[in-house]
Amino acid sequence: MLVGLAGCASEPTVEPSPSSFFGSSITQLEKGLPADTAYVVYDVSLPVTGKQARYGEPGAGTNDDWLVVVACGSAESLAVGVVNGEDYTDKIAESARQGAFDDLLTECGADD
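Secondary structure assignment for the chain yields 3 helices and 3 strands. Counting the 112 residues in the chain, one finds 36% classified as buried. For the chain, the exposed area adds up to about 6900 Å²; of that, 51% sits on carbon and sulfur atoms.

Turning our attention to the nonpolar core. By size, the foremost hydrophobic cluster in this structure holds 23 residues, and its most contacted members are Val-48, Val-68, Val-69, Val-80, Val-82 and Phe-101. Mapped by element, the contributors of at least two residues to this core are helix H1 (26-32), strand E2 (66-73), strand E3 (77-84) and helix H3 (90-97). Sequence-distant contacts of Val-80, that is, excluding residues within four places in its chain, are made with Leu-29, Val-40, Val-41, Tyr-42, Val-68, Val-70, Ala-71 and Leu-105.

You can see Asp-43 is positioned in strand E1 (residues 38-43). For Asp-43, which is buried and forms no salt bridge, the nearest opposite charge comes from Arg-54, at a distance of 6.1 Å. At a separation of 2.6 Å, a polar atom in the side chain of Asp-43 contacts the main-chain amide nitrogen of Arg-54. Residues contacting Asp-43, with those up to four places away along its chain left out, are Ala-53, Arg-54, Tyr-55, Trp-66 and Val-82.

So, how was this worked out
Residue positions are given per chain, counting from 1 as you read along its sequence in written order. With the structure being a predicted model, the display of local features is reserved for residues of pLDDT at least 70 and the display and counting of side-chain atom pairs for 80 or more, all residues being used for whole-chain, interface and lining totals. Excluded from the side-chain calculations are hydrogens and water; all other atoms, namely the structure's heavy atoms, are used. Runs of E in the DSSP output that reach at least two residues are strands. Runs of H or I that reach at least four are helices, and both are numbered from the N terminus. Categorising residues by exposure relies on relative accessible area from a 1.4 Å probe, with only protein chains included: less than 20% of the type maximum marks a residue as buried, more than 50% marks it as exposed, and the intermediate range marks it as partly exposed. Each accessible area value is a Shrake-Rupley result obtained with a 1.4 Å probe; residue values ignore everything except the protein chains displayed when judging cover. Side-chain atoms within 4.5 Å are what join buried Ala, Val, Leu, Ile, Met, Phe, Trp, Tyr and Cys residues into a set we call a nonpolar core. Between two residues, a contact is recorded if the distance between any of their heavy atoms is within 4.5 Å. Neither His nor the chain ends is counted toward charge; the positive residues are Lys and Arg and the negative residues Asp and Glu. Throughout this description, the term salt bridge denotes a Lys or Arg side-chain nitrogen within 4 Å of a carboxyl oxygen of Asp or Glu. Distance and chemistry together define a polar contact, namely a pair of N or O atoms within 3.5 Å, with one atom able to donate a hydrogen and the other to accept it when in protein, and with adjacent residues in sequence counting only for side-chain atoms on both sides.

Here's what the structure looks like:
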């Protein structure tokens, strides 16, 4: 007897889901990702808060000071947008949950 199976599989997703990291620090993100997941961090301060991007610059704080406001990707690769925790507000948190910042990252489907 010959049995054929066919189907479509979607790209594996990150577990936990990328949106579960909204409001988390980069340090918390690192601890929550599978060990083999690559990730890239973008400072989205200018479009989100109106302040200049500073992530990675001397004196800009540690990964504990930067909070995720947008995230998307797969089990192999994740892109996150962050703002400094000093600038993170309830309004930003709500906007993040509503997907308001998804268009900031090409990985999330934003136009080039």
